[in-house]
Each structure stands twice: as C-alpha cells, then as structure tokens.
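Read off the chains here:
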4 protein chains.
Amino acid sequence: MSSIFGNNIKVSVFGESHGPAIGVTIDGIPAGKTIDMDKLMSFLARRAPGNSKYSTRRKEPDRPEFLSGIRDGVTEGSPITAIIRNLDSHSGDYSGINDIPRPGHADFTAHVKHHGYEDYRGGGHSSGRLTAPLCIAGGICRQLLEEKGIQIKGSIDEIHGNSEDPLGEIDRVLGENDSVGGIVKCIATGVPAGIGDPIFDGAENRIAACVFGIPAVKGIEFGNGFGAARLKGSENNDSFQYEDGEIRTATNNHGGILGGITSGMPLEFRVAFKPTPSIGIVQDSVSLSKEENVKLTIRGRHDPCIVPRAVPCVEAACAIALYDMIKETE
Amino acid sequence: MSSIFGNNIKVSVFGESHGPAIGVTIDGIPAGKTIDMDKLMSFLARRAPGNSKYSTRRKEPDRPEFLSGIRDGVTEGSPITAIIRNLDSHSGDYSGINDIPRPGHADFTAHVKHHGYEDYRGGGHSSGRLTAPLCIAGGICRQLLEEKGIQIKGSIDEIHGNSEDPLGEIDRVLGENDSVGGIVKCIATGVPAGIGDPIFDGAENRIAACVFGIPAVKGIEFGNGFGAARLKGSENNDSFQYEDGEIRTATNNHGGILGGITSGMPLEFRVAFKPTPSIGIVQDSVSLSKEENVKLTIRGRHDPCIVPRAVPCVEAACAIALYDMIKETE
Amino acid sequence: MSSIFGNNIKVSVFGESHGPAIGVTIDGIPAGKTIDMDKLMSFLARRAPGNSKYSTRRKEPDRPEFLSGIRDGVTEGSPITAIIRNLDSHSGDYSGINDIPRPGHADFTAHVKHHGYEDYRGGGHSSGRLTAPLCIAGGICRQLLEEKGIQIKGSIDEIHGNSEDPLGEIDRVLGENDSVGGIVKCIATGVPAGIGDPIFDGAENRIAACVFGIPAVKGIEFGNGFGAARLKGSENNDSFQYEDGEIRTATNNHGGILGGITSGMPLEFRVAFKPTPSIGIVQDSVSLSKEENVKLTIRGRHDPCIVPRAVPCVEAACAIALYDMIKETE
Amino acid sequence: MSSIFGNNIKVSVFGESHGPAIGVTIDGIPAGKTIDMDKLMSFLARRAPGNSKYSTRRKEPDRPEFLSGIRDGVTEGSPITAIIRNLDSHSGDYSGINDIPRPGHADFTAHVKHHGYEDYRGGGHSSGRLTAPLCIAGGICRQLLEEKGIQIKGSIDEIHGNSEDPLGEIDRVLGENDSVGGIVKCIATGVPAGIGDPIFDGAENRIAACVFGIPAVKGIEFGNGFGAARLKGSENNDSFQYEDGEIRTATNNHGGILGGITSGMPLEFRVAFKPTPSIGIVQDSVSLSKEENVKLTIRGRHDPCIVPRAVPCVEAACAIALYDMIKETE
C-alpha cells in the first residue's frame, strides 16, 4: 500500500511529478548528527536532469527545502522532512496522454489502480522524479554511514551490453529517437559483519526492497548472482582465512552476504535498468475512451538512458537499507 | 530484525534445524476459507527431502501439525500456526562445526551476529529446512489465490547453465562431491491489473523481499530482467492493444509489472540459486577457537542441487507476496 | 521511534512548533474520494488558537497547503501531504528555556532523549501545535467515514470536575495565572459491527494508541471504563436483543466494543486531559547548565485550558484509528 | 488485523481456548540472554487458574514447551516460540453457545467478524487463556529488564471499589453467581529517562496498546490520570529539582512520563477491569438461528473476579512494551 520503507528508520516519499512539490520524511535519525549540506547538494546534483548532454533537457534546480528535523545542519531527533518544488514542468507535453497509456510506463497500471484519478502528468507518483527525494534520504544516510567507516560507491557496469564504452552507447542512440538500458554496480565497503537477519529481513531482502523503488529496475543480483547459478560449489564457495587477525574470505563470490547476514567483505550487487520507455518513435497503444487501438508518438524531453543518473539513486537506496539495518545494532 | 513478512497478512517463521520443531504463524487469513489439506501435503512433498534420488537422504515426514486457526480444514479468522517436529536429525554430523565455519554457509555470519549463542547445528535458523514452514504458508496462500483464478507455476529454467538437460547436470555432479546451482522460473497467471504500489511496495519489491527469504537465492529478475538492460526501448517496450475487449500487451517483456503495479499480463520472474555450499571436497576455513587456518571436510547427507526442491519454495514465496497484496484489494 | 500511525493507512506527522513548517503525510487513502475543503477548514478552525477568549492569543492562520495526493479536491491514490507554515511564532518568549525545563512539559524528557539537540522552542516536536496536522489527517478520515454513515462527535464532558458549567471553570482560572484540565467525551455512531481484532489490534488498542498522540492526555476509558471496575457483572453486562431485526444491546456499558471488536452500538470513550502545564505562577525547576535548583516564571501566551480545542483533536484521532480499521474491511 | 505487537521486538500470540494449543512467538530477543526458567514458571503460576479459591476450577498445568529460540535456558537470537497444550477443556460446557452470544463476551462481535467460522468454544482466540502466552513473553521481557535494573510491580488497587479489603469483595460475591471488577496498579522503577517518542510512539501509547490486549480491560490512566483532569496546573505540575546530582521531580503526578517520554521517575499507571461477564444468573440474549430473544444461563467454571490473576498480565504487558522501547536504545 505504502510509499514507506524501513524498520528502524522510516523513509516516506510523497509527491507527483507535476504536482506542487515532491518530498520525503525520514523518521528515526538520531539527534545531534551533523549533515554536510554542500555534500548533500553535490550528491543530489549527480542525479539531477539537465546536467549533462545525456540527460533530459528539463531543468530543475532540485534544491530541497528542509521543513523540519534539521536546524543549522544538525539533526534534532524528530522527523526530517524536505520538499522540492516542481518549477519547470511542461504540463502541455502530456495533454491527452491520460487517454493513451505510454508503452513501458506505469500509465496503464496506475490508471487501473486509481480508476483514472491518478495524476498521470509526467508519470505522477510513479515518475522518475521521485528519485530526488529518495536521494535526499539516501544522501543523509550515506553521510551517517561514512561516519561509521562505511563507503558506498556505485558505477556504470555496462550500457546496452557494452562495458568498455558504455557512454558511447548513449551517443549512438541519441539521434535515433530510441533509448538504451544498462546495469549499475554498487559496492559498500567497511560494512561490519553480522548485519541483517536470516529469512525475511536479510541484507538482500532489504536492499532489494529499497532498490526496486527506483523506477525502471527489473533485476538485482548479489555477488556472483545469476553467474553463481552457473557455477559448481567448488567454484562458488569462498574459503575463510585469517588475514591480519581478521576473518576474511579468499574470494568474494558471496558479495559480502551469507544467509542474509553481512560477512564483513565488500557488499556487492548489480542492478538491471530497462531502457527508458519514453522514446520518440511511433508506437502502438490504445485509446481508453474510444476503446480502440491507436498509434502514439511521444513528444517532449526524455532521457535516452537514465543509467548515469541512476547511479546515485542506487547508492541512495543501498544507504537507506544499510543504515536501517545498522541502526538496529547501534 | 525479524522473521516476519507482510503488510496485510503476517507470515512469521520460527525454528532451528535441530531444535524441537520448526513452524510458521500466518495472521490475517480471513475466516471461512476451506484449505484442502491433501493438496497442501502434496505441495509440501515437492519440497521434502528424501523424495528423489537427487536430494539429501535425510528423511523427514514433514507433516505439519496445525495448532490454531484452522478447524476441520476451515480457517477460523484467527492466527494459523503449524509446526513440524524435527525427528530425523543427526546432530553428530555437526559436532565441532561451531568452531569451523563452513564456506558458503551462514555459520560465520550468524556466529558474529549472535556471539556464538546461535544454534549452529544444521544451519540453525538459517537452515534450508525453514523453507518447509514457508511452504506451508505459501501453500495456503496458493489455494486462496486459486479461488480467485490466479495460478502460480514454477519450473526449472536451467541447472549449471544447462536448460535442455538440467537434471542431467545433477547426475554428472553426483559422484564428484560437488554441487551445482540453477535458475527457477515462476509465472503467475490470472493476476488482475492494478495490484501493488509505486515506490516501496511494488510487486517486484514485495516478491523480491519474500523470495530472498529462501536460502541460496542470490538474484531475481522480472520480465526480461538483466536482458532488458541489453535492449533498446524500441525492443523492450510492450505495445498496448485491445484483445477481446481487454487491454493486453503484444509482448510481455515487462513480465506483468509496470511501475510496481501489475498489468494483468502473466507475472514472470526468474530466481538465481547458488550451488549448495555443503560439498564433500576438502575446503579451506578457520578454527575460531585456535584463530588459525584449517582444512575442513564436510560429512553427512547433502543435496548436490537444491533447485528441484526450490521450485515449490519459489511458488510459495510468490504466493505469499501476491496474496498479501491482493488481500488489500478484496 | 516514529511519528507514524496505522496499519492500512499510514499517518506521518512532522515538524517543530518554531521550525519552518509542520505537516502530515497520509498514505493509503484510495483514489477518487472527494474531500470538501471548506468543511475541512471549518474542522481545523475548531482547533486553532486565537479563535475564542479562552485560548492562547497566538494567531496562526493554520491554513494547510496540500503538496501532493489531492488535486481539485479529489484524492489521487498517492500519498497526501499537507503543510502549515509557522508564521506567528515569538521565539523570544522561549529564550533560555533550553536551560530550565518547564514543569509538566516535555522539555526535560526530550532533552535527555535528544541530548540537547532537540528544538525546544515552543515545545518543538512535542508541541500542541502538532495537533494541527493530526486534525488535517483526522478531518479527511472523518469525511471518508461520513460517506459510510459513521459520525464522530466529541464534546466537553467536564472541566476541573465541573460538568454543569465547564466553561465557567476556565473563566474562574483566567486571572489566576493557573490552568485547569478536563475530560472530553467522544461518540462514534454508525460503526458497523465486526471491526477490530482481539488481542493487540482491537478497537480500544488502536484508538488509545492514536489518542495518546495528543499532548496532555493522561487517561482513556471505553464505555463504563473505570466505572465498570466498580460494578458487578449483573450490572455491567449488556443484554442482547433484537430490535427491528437488528441485534443490539439493551444498555451500552461496553461502549460499543467487546473483545476488541465493535458491536454496532455507539462507540463511546472518554479522554482525560491534564491541566496545561504552562502557568504564570513561579515554579521550581533546575538550571541544566549550572546544575542547581532555580525558580522559573513562564511568560508568553498560553491557554488556561486546552480542553475546548482538544475536542476536535479527539475526534480526529478517533477518525484516523477507525478509518484505519474500516479500510481493512472495504 | 493482527495479533502482533511491537516495533523492535515482535510478540505474536496465537491459539484458541479449546484448540490444540495456544502459544507465542517472540522475535528480536538478542542472543546470549539467560532466562531463568523456574522464575518464569513462578511468574506464570501467578496467572494460572486453579491456584486459589478465587479462581476458576479449570486446571491447566500451563507449562510451556519451548519449540525454538532458547537452548538450555539461553537465547539463541532467533525467534522464540513457546506453546501450551490445552488439556483440561470441557467443550461440553459450551454446546449451543455458538447460537446464543453471552452478554459481555466477544461471542457476538467475533461471530460478526468471522461469519460464524470462529472457534467460539471458551471464547476461542478472544479467551482470557490467551493471557498465558502473553505472560510468557512478558515474563521473559521482565527478566531482561531486571538485568538493566528495571523492576515492574503490579498490585490490586481496588476490587468493586474497595481498596481496603479488595479480596473480601470476591468472597462476598462468590455465592451470588455474580462477578466483580477492579483496578490493577502497576509501577515500573529504574526506567531511565528518555525512553519513548512524542506523538504516536510514546510510552503511554505503547503501554496502552499492549495492555488493552488483555481481555476485560476498559480503561487505562497514567500518573494522576483522570484525577489530573480535576486539578489545576499549580496542583498537577511536578517541580524539577536536583537530588544527589540527579534531576528528579518533587512529586510524581505525571507518572514518570512527560510528552510520551520517560522522565526517570517511577512509571505508574492503573488499569480498569470490568467484572467478568460469565455469571450464573439468568440473562437476556438472542438466538442467532431463530432470530428471537431468549434467556441464557451460563454453566461451567468461571472466575467471579479475574483481577488477582490479571496482576501478572498487566506486568507482562508493561514489560513487553517497555522492553520494546528500551531495546531501541541499547
């Protein structure tokens, strides 16, 4: 039912792409933590549109206003709410789309769910813009984790199957009115062993539950992931060994998680992003009002590939899930 | 923290592999539902060890005893609890392993988490045996979903990379003291459109959060999944079209879920299982008491491949997650 | 940990009395519901300060701005967020109080909890002002319940022990620099039978959990409540009888709830409010910095009795808890 | 919906009075805690029927069997499940009552909720017997709190309005086929300041939510409670003062909780129990099958007053709620 994540912190995302504002409430951050606002803005900037030749030309300052819970950069212990006003929205780009669902988007499914009352403009509450508040929460959690020596680093693993020249793939598709997808890799180092639980609240369960909150995610794998499915036990098991008095594994096929619990080795996972559905070519769809098949051409400003902007989103989702688990052990 | 899953129903799994019993409590099943117990037993039998030449030779009748919530096969509306007594456990197989963590298992991570107080025998609360209570809950949910015309069907997609002769791969590794992993595919048909939510409570989030509760799962993908990451938008988008007055998609690359919400098309996903870690070859590990590197040879009865037995577990996890979401719309 | 209430809807309150804004997010309201905004404003006005001679002279327009989830007065199915800007705050009234906790207030306890990082001004996140966002959520829920024929009506039961002339008690204390408490009664009619659960999610549990979210509440009782503790079973039991084909009870000592589940009779409860702690007389307190006992005189604008303004707050809390339970049965 | 309580621990109660067993699962108790089983049995004995001339003559050994999570009296960190078999149940006492709801009981309301599928025998899942598993969980939490210097002590405040000779009231009603109610007082000492949250997760909210899980509870008040509603601020406020370098209050009208957060002063509350509904006199009810008014005489073994047995139940509920809050600060 809800747009709320977490057990020990609660991250609640709200807003529609073309509504007055989008935002997030984070409940459960302890008091007295200093949040570096400049660092947070830099983190958000990595996600913002209009910042590179590869992303949509829609410009949003995306500068959040903090309404509660932080004063002079220090957390007060009460819920932290930040909002971002939607200023540069071209509602006109979306006229008529309430009637014709865009292939690959949530238009149709949200329409069925909300009986036509949903805000369809720009994807409404399903829009990729909602990753901005996700990144505010994630950016805060990242800083809290860094205090504990935990670093989270995302990167582009491949775009359109190309790992050697991923950005070249975006260039190639730029003029085709088409789009490409890709894979983001994320590594968290310094995560202590013993975090997470077996069964339903394991590290994989929680990170996956948060990461799938990013639009366009269609898969996630930890360590060798789907590759492990093709190995033998003798190839995939990681031996334990003492190194400098610490127990580590000789290899890290398990990606830092065993039985849902972290091992202390780098926590590694990969996230699959489908190609952005908004493409300029003519597509087949339906008219809901006329109940017949129609052609659709999407206008407006759209990313040919959201993977570069998705990297900080994946870091954010990882940070939220990790901090939620770590807080339990504080 | 917890071994509890769900928003509208709560599935709570408890027990250790070599403790007195394992079990599950399911809270939130409405009253008056008839549960076909024979059908439930057949479902559980697909998972049970000792039923085929490919699985471990440990025999457990695995017949649950219902302690509450069901009378004469009809639900009473109060929490349903079922337990399975652990009868055929050879604790002797595990002597000394508390000191030497088995590679690929949760021994080490659970040890760190529980400071040595965990029940390590047979994997304790992290054991694959805990999929039995998961399947009890899932088996009940499957029946409730079938009443609504929803069918869930799992199958072996491949073992050790082999999709044409998956069971042959198990044969080949049987004598090698080694193991293989594989991929389970799951399809749910008849799922109405409009189920799930954007952001954190989408169908992918919830199914993933439940599926990762099955030991040995290292990845999950929906629809084209990681394959979508290698396609263009023009290749991956699914066109909408009217068929017999219903809106369907011409292709199903999205796997039945768009923006976290079901579309009415078959819900399809694949789950990656790593090869079972318990293999008979000599492995490298550590002695926790002596703080030095040692060799380890695992004895006892172990599956060379748990994928065939994992198929009903994946169906169960899917059923629990789906019923949890569907119940909200009842 | 959290300022979030609910199972089937989630009401999340945020903000500090003297921060930029206070607000609420309500997640889980179905799409397509029309909210009468004028009616909502009238409901909020009953709570607002500055509206009668009995309440504090602080004036706040208290007009919420809806940031998401509602468009043209119709719910979209996504989370609804409303904020209220804090405009008429006199921070100067509170200078120095961070050092001297006010008796009866949360200053000291919040200080211990948040190590001095809390926003103490005006009570911060513990302030009575946070009942404004509670009333926004409650006002919306009240309208949704009215659609189902459920009416919630609060009233002043007594002030300072006086049930015949409650408002006269406030007059008498107005010039004394003192305050009085009182009891609010609340009755919900039209509640169908069968709502709520035994054990932890009963109607009493949930209403109490929400009502205690209103500052100054120190007790709650349902039906005869503490009076039932002084009766015999023959006096307190309510007989069942058919009336016009419906099962009702001859008396309503149970207050509409039996075994945590509603009976269809009017749901009745009473809430005890302690006298507002901010009084003008000299009080004994401590200086946290000097670690010594000091005298304290509170200046500024304070209600001699918040009970009249608390009536809509109790209705709001009741509405939130009831709608949360009712939604499960929709 | 659910019979689950808690944020940081989860207590899940299951079972029907005349089903195979009743029980509880407690998830979230850390590993390595020693539970004194004899002490736990003594605690449970205070609640058990058949132990005094005042309680029902039904005898249940009420000795729990631990199925998981504890080995040799030491917690393993995984969910703890305990069950109690129902051995001495006289189902015959309840024949026909499914058709005639007993006044004051949950028969009617549970019947409406579960459409007649509920187990009505002995009150089913709404039965007072379900306080046995509540006390197992509470008894464990009490011991964990004692380790931290927190003591919880309940007592009979009054029975039938009589505080000087409460047990005499039970004697007087014993022969009348009637029953009496009463008030239980509970004091928790050694609770550190700073526990609980403002708004929805305050100490009052959480204790109330747990305490109302005990059948027959109709009211709860903290500190002066309803008495505070009759005082002036000058009478009810508690002054702060230093005593031996600690901040305490001169009086404890606030009952140890201010703004939902504990102050360090003794946490005090009172719980109102209605008289047990099962009385032997002739009562008016209805026949559900014949849809007409009928007379009802309840046979069998029933407590004329459950207040003495309720004292440990109140301690248990307090312990669960307190430990749940305290665990967050560990």
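No experiment lies behind these values; they were computed from the predicted model shown.

*Asks:* Honestly, the overall build of chain A in this entry has me stumped. Any pointers?
*Replies:* Within chain A one finds 7 helices and 17 strands. Against the globule reference of 20 Å for 330 residues, chain A gives a C-alpha radius of gyration of 21 Å, in line with a compact fold. If one aligns the C-alpha atoms of chain A with their principal axes, the spans along those axes are about 70 × 50 × 35 Å. The buried share of chain A, reckoned over its 330 residues, is 67%. A fraction of 70% describes how many contacts in chain A between residues 6 or more apart in sequence connect residues 24 or more apart.

*Asks:* When you look at the environment of Ile-4 of chain B in this model, what are you seeing that I'm missing?
*Replies:* For Ile-4 of chain B, the position within the fold is in strand S1 (residues 4–5). When the C-alpha atoms of Ile-4 of chain B and Ser-17 of chain B are compared, they prove to be 18 Å apart, with 13 residues separating the residues in sequence. The residues contacting Ile-4 of chain B, other than those within four sequence positions of it, are Phe-200 of chain A, Lys-10, Val-11 and Ser-12 of chain B together with Ile-4, Lys-10 and Asp-27 of chain D.

*Asks:* What should I look at first to understand the relation of the copies chain A and chain B in this one?
*Replies:* For the pair chain A and chain B, the superposition axis carries a translation of 0.0 Å, the fit reaches an RMSD of 0.0 Å, and the rotation angle comes to 180°. What we have between these two chains is a two-fold relation. Here 100% of the interface residues in chain A have copies in chain B that are interface residues too; the copies meet face to matching face.

*Asks:* Sorry if this is basic, but what is going on with the interface of chain D and chain C here?
*Replies:* By a widely used convention, the size of an interface equals the accessible area lost when the partners come together. The partner chain C presents 99 residues to the 99 residues of chain D that form the contact. Counting each side, the surface lost to burial between chain D and chain C is near 7,800 Å², with a carbon and sulfur contribution of 61%. The three residues of chain D that bury the most area against chain C are Phe-200, Lys-218 and Phe-240 of chain D, which together make up 11% of that side's buried surface. Where chain D meets chain C, there are 8 salt bridges. A salt bridge links Arg-230 of chain C to Glu-158 of chain D; the shortest N-O distance between them is 2.8 Å.

*Asks:* Is there a simple way to think about the sheet that holds strand S2 (residues 10–15) of chain C in this case?
*Replies:* What holds strands together in a sheet is hydrogen bonding between their backbones, with the strands either parallel or antiparallel. Residue and element names in this part refer to chain C. On the basis of which strands lie adjacent, the open sheet formed by 5 strands has the order S1-S2-S3-S7-S4 and antiparallel pairing. Edge positions in the open sheet fall to strand S1 (4–5) and strand S4 (65–68), since each of these has one partner strand only. Note: S2 against strand S3 (residues 21–27), 6 bridges, orientation antiparallel. Bridge pairing in S3 links Ser-12 to Thr-25. Strands S2, S3, S4 and strand S7 (80–85) of the sheet are contacted by helix H3 (residues 131–147), whose axis makes an angle of about 30° with S3.

*Asks:* Would you mind going over the packing of helix H1 (residues 37–45) of chain C against H3 of chain C with me for this structure?
*Replies:* Angle between the axes and distance between the axes are the two parameters that describe a pair of packed helices. Residues and elements named next belong to chain C. Remark: H1 packs on H3, axes separated minimally by 9 Å, with the N-to-C direction vectors making an angle of 130°. Taken together, the axes of H1 and H3 are oblique relative to one another. Judged by the sense of rotation from one axis to the other, the crossing of H1 with H3 is right-handed. Contact with H1, carried on its side by Lys-39, Leu-40, Phe-43 and Leu-44, involves Ala-132, Cys-135, Ile-136, Gly-138, Gly-139, Ile-140, Arg-142, Gln-143 and Glu-146 of H3 and no other residues of that element.

*Asks:* Got a minute to help me understand the environment of Ile-298 of chain D in this structure?
*Replies:* Residue and element names in this part refer to chain D. Tracing the backbone through its elements, the reader meets Ile-298 in the loop between strand S17 (292–296) and helix H7 (307–327). With 121 residues separating them along the chain, Ile-298 and Asn-177 place their C-alpha atoms 9.8 Å apart. Setting aside anything within four residues of it in sequence, one finds Ile-298 in contact with Arg-102, Ser-278, Ile-279, Gly-280 and Gln-283.

*Asks:* Can you help me understand the pairing of strand S17 (residues 292–296) of chain C in this one?
*Replies:* Note on strand geometry: in a regular strand, side chains alternate between the two faces of the sheet. Examined bridge by bridge, strand S16 (residues 283–287) of chain C and S17 of chain C share 5 bridges and lie antiparallel to one another. Its bridge partner being in S17 of chain C, Asp-284 of chain C is matched across the sheet by Lys-295 of chain C.

*Asks:* I'm lost on the interface of chain A and chain B in this one. Help?
*Replies:* The partner chain B presents 99 residues to the 99 residues of chain A that form the contact. Both faces combined, the contact of chain A with chain B buries some 7,800 Å², and carbon together with sulfur accounts for 62% of it. The largest contributions to the chain A side of the interface with chain B come from Phe-200, Lys-218 and Phe-240 of chain A, which together make up 11% of the buried area. Between the two partners, chain A and chain B, sit 8 salt bridges. At the junction of chain A and chain B, the tally comes to 40 residue pairs in polar contact (both at pLDDT 80 or more).

*Asks:* Mind showing me how you'd approach the packing of aromatic side chains here?
*Replies:* Each aromatic ring pair is specified by the distance between its two centres and by the angle formed by the two planes. In this structure the tally under the stated criterion is 18 aromatic pairs over all chains. Relative to Phe-240 of chain D, the ring of Phe-108 of chain C lies with its centre 5.3 Å away and its plane at 55°, an arrangement referred to as tilted. Remark: Phe-240 of chain D occurs in strand S11 (residues 240–243) and Phe-108 of chain C occurs in helix H2 (residues 107–114); the pair is interchain, linking two chains. Accessibility assignment for this pair places Phe-108 of chain C and Phe-240 of chain D in one class, buried. Look at Phe-222 of chain C and Phe-269 of chain C: their rings are 5.5 Å apart centre to centre, the planes differ by 35°, and that puts the pair in the tilted class. Separated by 47 residues along the polypeptide, Phe-222 of chain C in strand S10 (residues 217–222) and Phe-269 of chain C in strand S15 (residues 267–273) bring together distant segments of the chain.

*Asks:* When you look at the sheet that holds strand S9 (residues 182–189) of chain D in this model, what are you seeing that I'm missing?
*Replies:* Spatially, 8 strands are ordered S8(C)-S9(C)-S15(C)-S10(C)-S10(D)-S15(D)-S9(D)-S8(D) in an open sheet, and the strand pairing comes out antiparallel. Lying at the two open borders of the sheet, with one neighbouring strand each, are strand S8 (151–159) of chain C together with strand S8 (151–159) of chain D. In this sheet, neighbouring strand axes are inclined to one another by 20° on average, regardless of whether the strands run parallel or antiparallel. In terms of strand pairing, strand S9 (residues 182–189) of chain C meets S15 of chain C through 7 bridges, oriented antiparallel. Bridge pairing in S15 of chain C places Lys-185 of chain C opposite Arg-270 of chain C.

*Asks:* Looking at this structure, how should I read the pairing of S11 of chain D?
*Replies:* Residue and element names in this part refer to chain D. A one-sided burial pattern is seen for S11, the buried positions being Phe-240 and Tyr-242 and the unburied ones Gln-241 and Glu-243. Bridge analysis of S11 against strand S12 (residues 246–249) gives 4 bridges, and the strand direction is antiparallel. Note on S12: the bridge partner recorded for Phe-240 is Thr-249. The turn joining S11 and S12, which pair antiparallel and follow one another in sequence, is formed by 2 residues; a positive phi near 55° is taken by Asp-244.

*Asks:* Is there a simple way to explain the state of the cysteines in this structure?
*Replies:* Put plainly, a disulfide is one covalent bond tying together the sulfur atoms of two cysteines. A full pass over the atoms with the stated rule returns 0 disulfides over all chains. Just so you know, Cys-141 of chain A is unpaired, no disulfide at all, and the nearest cysteine sulfur is the one on Cys-210 of chain A, 8.6 Å from it. Cys-135 of chain C takes part in no disulfide bond, and the closest cysteine sulfur, belonging to Cys-313 of chain C, lies 3.8 Å away. Residue Cys-135 of chain C is classed as buried on the basis of its relative accessible area, which comes to 0%.

*Asks:* Which parts of the structure should I look at to understand the pattern of salt bridges?
*Replies:* Opposite charge on two side chains makes pairing possible when the charged atoms of those side chains draw close. Applying the stated rule across the entire model yields 88 salt bridges over all chains. Note that Arg-142 of chain B and Glu-315 of chain B form a salt bridge whose closest N and O atoms lie 3.2 Å from each other. In this pair, Arg-142 of chain B sits in helix H3 (residues 131–147) while Glu-315 of chain B sits in helix H7 (residues 307–327), placing the two residues 173 residues apart along the sequence. By the burial criterion, Arg-142 of chain B is buried, and Glu-315 of chain B matches it. With a shortest N-O distance of 3.0 Å, Arg-46 of chain D and Glu-315 of chain D are connected by a salt bridge.

*Asks:* Explanation requested: the environment of Ile-35 of chain B in the structure shown.
*Replies:* Residues and elements named next belong to chain B. Along the chain, Ile-35 falls in the loop between strand S3 (21–27) and helix H1 (37–45). On the basis of relative accessibility, which here comes to 3%, the residue Ile-35 falls in the buried class. Between the C-alpha atom of Ile-35 and that of Leu-288, which follows or precedes it by 253 residues, the distance is 48 Å. Those residues in contact with Ile-35, other than ones at most four positions away along the chain, are Ile-70, Gly-73, Thr-75, Ile-140, Gln-143 and Leu-144.

*Asks:* How do you make sense of the confidence of the model for chain A when you look at a structure like this?
*Replies:* Detailed reading of predicted coordinates is not advised where the pLDDT is low. With 92% of its residues at a pLDDT of 70 or more, chain A has an overall mean of 91. Reported for the predicted complex are a pTM of 0.94 and an ipTM of 0.95.

*Asks:* Teacher, can you tell me more about unusual backbone geometry here?
*Replies:* Where the residue is not glycine, phi is negative for most of them; where a peptide bond is considered, it is trans in most cases. Even without glycine at this site, Glu-291 of chain B takes up a positive phi of about 55°. Taking the relative accessible area as the measure of exposure, Glu-291 of chain B reaches 58% and is therefore exposed. Notably, Ile-199 of chain D is not glycine yet its phi reads approximately 65°, a positive angle. Looking at the secondary structure, you find Ile-199 of chain D in the loop between S9 and helix H5 (203–211). Classification of Ile-199 of chain D by relative accessible area gives buried; the value is 10%.

*Asks:* Hey, could you run me through the side chain of Ser-12 of chain B in this one?
*Replies:* Structurally, Ser-12 of chain B can be placed in strand S2 (residues 10–15). Those residues within four positions of Ser-12 of chain B in sequence are excluded, and the remaining contacts are Ser-3, Ile-4, Gly-23, Val-24 and Thr-25 of chain B together with Thr-25 of chain D.

*Asks:* Where do I start with the side chain of Glu-315 of chain A in this structure?
*Replies:* Overall, the relative accessible area of 1% leaves Glu-315 of chain A in the buried class. In contact with Glu-315 of chain A, not counting residues within four places along its chain, are Phe-43, Arg-46, Arg-142, Ile-152, Lys-153, Gly-154 and Cys-186 of chain A.

About the thresholds
- Residues numbered from 1 in each chain as written.
- Chains lettered and ligands numbered in written order.
- Predicted model: local features only at pLDDT ≥ 70, side-chain atom pairs only at ≥ 80, totals over all residues.
- Heavy atoms only, no water.
- Helix = DSSP H or I, 4+ residues; strand = E, 2+ residues; numbered from the N terminus.
- Rg over C-alpha atoms; globule rule 2.2 N^0.38 Å.
- Buried < 20%, exposed > 50% of the residue type's maximum accessible area, 1.4 Å probe, protein only.
- Contact = heavy atoms within 4.5 Å.
- Least-squares fit on C-alpha atoms with pLDDT ≥ 70 in both.
- Buried area = accessible area lost by both parts, 1.4 Å probe.
- Salt bridge = Lys/Arg side-chain N within 4 Å of Asp/Glu carboxyl O.
- Pairing = 2+ DSSP bridges.
- Axes fitted to C-alpha atoms, helices over the stretch in contact; angles between N-to-C directions.
- Parallel < 35°, antiparallel > 145°, perpendicular 65-115°, else oblique.
- Left-handed = near helix turned anticlockwise from the far one by under 90°.
- Polar contact = N/O pair within 3.5 Å; in protein donor to acceptor, adjacent residues only side chain to side chain.
- Phe/Tyr/Trp six-rings, centres within 6.5 Å; stacked < 30°, edge-to-face > 60°.
- Disulfide = S-S within 2.5 Å.
- pLDDT = per-residue confidence, 0-100.

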